Amino acid sequence: MTAAFSDKVDIELTVNGEPVEGRVPAGQHLVDFLRQTLGLTGAHASCEHGVCGACTLRVDGQAVRGCLMLAAQADGAEVWTVEGLTEQGSSRDLQQAFVARNALQCGFCTPGMIVAAEDLLARGGVPSRAEIREHLSGNYCRCTGYEAIVDAVEDVAQARAGKGTA
Amino acid sequence: MSIAFGNPDRPNSYIGKTVPRPNAEKLVQGRGRYVDDITLPRMVHVAFVRSQLAHARITGIDTEAAKAVKGVLRVFTGPDLAEVCTPWVGVLAHLKGLKSPPQHALAVDRACWVGEPVVAVVATTRAAAEEAATLVEVDYDPLPVVTDTMTALDPDTPLIHPDLGDNLAFQRLHEEGDVDAALADAHRVVSARFRTARHTGVTLEPRSILVDWNPAEGQMTAWHATQAPHMMQTVLATHLDIPESRVRVICGDVGGSYGIKVHVYPDEVATAAIARVMARPVKFIADRLESFTSDIHARDHEIEARIAVAEDGKILAIDVDDWTGIGPYSVYPRTSAIEGNQVVNLCGGPYDFANYRAQTTVVFQNKAPTCQYRAVGHPIAVAITEGLVDMAAAAIGMDPVEIRRRNMYADDAYPVTSPAKMRFEGLSHHASMNKLMEMIDYDALRADQAEARKQGKHRGIGIASFIELTNPSPFMYGIGGARISAQDGCTVRMDPDGSVVALSGVTEQGQGTEAMLSQVVAEGVGVTPDKVRVITGDTQVTPYGGGTWASRGAGIGGEAALQAARALRESILAVAASMLQADAGKLDIRAGQVVDADSGEERMPLEELGRIVYFRGDTLPKDLPRELVQTRHFITMDYPFAFTNGVQASYLEVDTDTGVVTLLKHWCVEDCGRVINPQLVDEQIRGGIVQGLGGALYEEIHYDEDGQLLNGSMADYLVPMAGEMPDMQIGHVETPTGESELGAKGAGEAGTAGAPAAVMNAINDALRPMGAQVTEMPFTPERILRALGKIDD
């Protein structure tokens, strides 16, 4: 069997700052590789076609749907999940704001929501509530009604801007 | 000693305050443990072959190609599983006449809806199971398909279940007073046809179950995303012929429920049956298409309704003819007749009127089964009632707020029994309306509407008063023969370090149950909430209880926790009194310290009391009781249900060129009795409102006439996303129930109950000058343009 027709692919990537090697089925999605092979269950599979945002990851600095990217495509990539962001401490204020504002109920959307919100916050400044809503409009939350999430992101944007860290 | 709720400065005053949720931190860190996060040794995966036809006889199943797929271990058909799993029938004795045929874990000889599980394929990976499932060849002989609700009982409509004699599952007529006479004599009678679309819950976490059977121990363990672990324990034990004591259901983190995860699903029971056969862990996680075709649907109602009013706006009569199609089976064990029954019970709910007639007709169809979904029947009943009231107001030229004020039960009228024979212990319609008017500044909003109208912007204000059924007694299910507990229990214990553990039969679905329990127990015992560890969702560990449904967690589970906590406090103080040579009545526990009740002087930390009781019990008097564990159960007895009330307002703008509705703001005043945690209650209401807004504007399951589901993905079934949702202001009036010391009623469904009606009334308020009106949900741009006469093809 030639490489082109192989159903397994060897990959090397960085996940949450650690080097990872794997031999993955060609059709395996990145979120399934992270969840099933690496045990990183923070990102969740839900709609499985890129609509709900529950599997949102950071890949090479971009917010990416883990259900729309194959693990094989992540060869050489730098991947961050909510577990890594937590250990790194870079989202501590946002996570604390989510807890303080109860911007989560069942929590299934939350890891994806955190990654997506960080994508907006990384642009700096203080986005308007409408801009926050627009940016998060690819992340489905059935529990909260979104207002608390918008509040939490807005609070953190203001705090980061105030500290001059944004 | 009762709690002085009126004094916010009382010691240990955690009830009524926003305290952090103990389980939120793990969820924001991605450290939740949902069913799909669990991997067990020797675990296998099941995928289901589902019927692609809405009604067909199964004439043959060829599994050879599937079995040849690498990783496939077993393939099960309906007859295979019928040998180890008995069928069930979704009826309740108190819903007279309700009928439904036996339903199997896998279809045995006939499939009755698109998505019904027919064959189960078990493999070492989910991918292999799915691949093999596509290779199973099922031969079908198509049967006539019934999809339309309104013609389901026509003589020439084929019968879905010939053995039942007709397509009628349930019918109930309730009559009070003389409706026909009231209609005949009324100043005005207004009629309307309403329609609420077929919805589904779209839980972000799909239905999930992982079941292990250990034949050496004779023990089944199911990790299940469920709202009712004890109910599921009974169901699995009953139908798999295992002693109930040998079935353990564990419900860890659940990724959204909203009623979807309180039912018995054939594929989930099949998973347990397969585990029983294979004696190893079997996992089933529904994919999104499976969720759309096999999660319960709801709210598929068509209604003709009339209201009769006097010249002064007094409601003389309400007449409702409600029809709903429930799919081919009444869902077990709660049944699919409850929703229609609720419509009959709830229409006209806020209003003091004499003549009421309501009939619900519940028919079978070849579509996915419907059953209880958040706010069961309420959004339908509130839309009918509040739609009619607004139309009546317009017909007699009265302000919509004024007509409500003239008809709502007076706040001092209670207790009172409604024309639907619902008993209300204490409601606050007028106080709630007054509060809403302050919050929205009604006159200013009307002025803004008028100003916008001058600029060609069509804005509308919609008001919807409502009642909500919470804290159910056994009148909901138990009297009908279902083993669904209306009672709930809590065990509270103090450990040697002075910390407290609370084990409760209610469950956490994200609504904040564990935070609520932690603060109730903290106040009841006299420790800080962070000293309380809450354990829920394990039938082998917690007291028996009902779980999460019908907004019962705080009202029932919270009261059980309070009583258990108070009992533990008494036990601790009895020991403390002995140790301190003091009068127990003059001691108190505050922030984990035994104190002198009058002076507040600290006498002994609880960890010292714990050290003595657990390690130096020899120093205590021999006859001194030192049980630092207490269990209490609570059940409501005086009223079948604790009704709450509230009122919502929607302000929105309708683009009459595109038909697009923009939600500007939404308000809700809710009276759920004692508010235990203001933030959690407000967020329950906000989330509920948005779920209702989805029904009002977006959500609709479409089937074609062959019973094919047309929009089974999240790209095609629209749900509310952040971009379209408004900010929401929430207010409260508190009328505690006298049935419990805690006084809490439910709050989880109020938002969903009232939001669709508020939006409908706001849209119609905006459209009224153009002579247009919409009553068919969701209010899509197309439906609005049709109402405006801008589309007529």
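Residues numbered from 1 in each chain as written. Chains lettered and ligands numbered in written order. Predicted model: local features only at pLDDT ≥ 70, side-chain atom pairs only at ≥ 80, totals over all residues.

### Overview of the sheet that holds strand 6 (residues 137–142) of chain B
The strands that make up a sheet are held in pairs by hydrogen bonds between backbone atoms, and each pair lies either parallel or antiparallel. Residue and element names in this part refer to chain B. Using the following cut-off: Strand pairing is assigned whenever DSSP detects at least two bridges linking the two strands. Helix numbering and strand numbering both begin at the N terminus, where a helix is a DSSP run of H or I of at least 4 residues and a strand a DSSP run of E of at least 2.
As summarised here, the arrangement of the three strands in space is 4-2-6, forming an open sheet in which the pairing is antiparallel. With partners counted over all chains shown, the strands left at the sheet margins are strand 4 (110–111) and strand 6, one partner each. In terms of strand pairing, strand 2 (residues 56–62) meets strand 6 through six bridges, oriented antiparallel. Residue pairing in the sheet places Arg57 in a bridge with Asp141 of strand 6.

### Observations concerning the domain arrangement of chain A
Residues and elements named next belong to chain A. Our working definition: Reported domain spans reflect what an automatic or database domain assignment gives. Contact between two residues is assigned when their C-beta atoms, built from the backbone, lie within 7 Å. Each residue receives one of three labels: charged for Asp, Glu, Lys and Arg, nonpolar for Ala, Val, Leu, Ile, Met, Phe, Trp, Tyr, Cys and Pro, and polar for the others, Gly being one of them.
Split by domain assignment, chain A resolves into domain 1 (8–85) and domain 2 (91–165). When each unit is reduced to the centre of its C-alpha atoms, the spacing between domain 1 and domain 2 is 22 Å. The partner domain 2 presents 12 residues to the 13 residues of domain 1 that form the contact. Of all the elements in the fold, those that place two or more residues in the side of domain 1 that touches domain 2 are strand 3 (56–59) and helix 2 (82–88). For the side of domain 1 that touches domain 2, the leading source of residues is strand 3, giving three residues. Split into classes, the residues belonging to the side of domain 1 that touches domain 2 amount to eight nonpolar, four polar and one charged.

### A closer look at unusual backbone geometry
Quick note on the threshold: Partly exposed residues are those whose C-beta has more than 12 but fewer than 20 other C-beta atoms within 10 Å; 20 or more makes a residue buried and 12 or fewer makes it exposed, with C-beta atoms placed from the backbone.
The residue after Tyr332(B), namely Pro333(B), is reached through a cis peptide bond having omega -10 degrees. Cis geometry marks the peptide bond from Met777(B) to Pro778(B), where omega comes out at -5 degrees. With respect to the element layout, Pro778(B) can be found in the loop between helix 18 (750–767) and helix 19 (781–787). The phi torsion at Glu48(A) lies on the positive side, around 65 degrees, for a residue other than glycine. Checked against the element boundaries, Glu48(A) lands in the loop between helix 1 (30–37) and strand 3. Among the residues examined, Glu48(A) registers 21 C-beta atoms within 10 Å and is labelled buried. A positive phi angle, close to 75 degrees, is found at Ala375(B), a residue other than glycine. Since 33 C-beta atoms lie within 10 Å of it, Ala375(B) is described here as buried.

### A look at the sheet that holds strand 5 (residues 117–123) of chain B
Residue and element names in this part refer to chain B. Short version of the rule: Only C-alpha atoms enter the line fits that serve as axes; for helices the fit covers just the stretch in contact. Angles between N-to-C directions range over 0 to 180 degrees.
Taken together, the seven strands give an open sheet; going across it, the order is 3-5-1-13-10-11-12, and neighbouring strands pair in mixed fashion. Looking at strand neighbours, the two that pair on one side only are strand 3 (72–77) and strand 12 (247–250), the edges of this open sheet. Between one strand axis and the next, the sheet turns by 20 degrees as a mean value, whatever way the strands run. As judged from the six bridges shared by strand 1 (residues 44–50) and strand 5, these two strands associate in the antiparallel manner. Counted as the bridge partner of Arg50 is Pro117 from strand 5.

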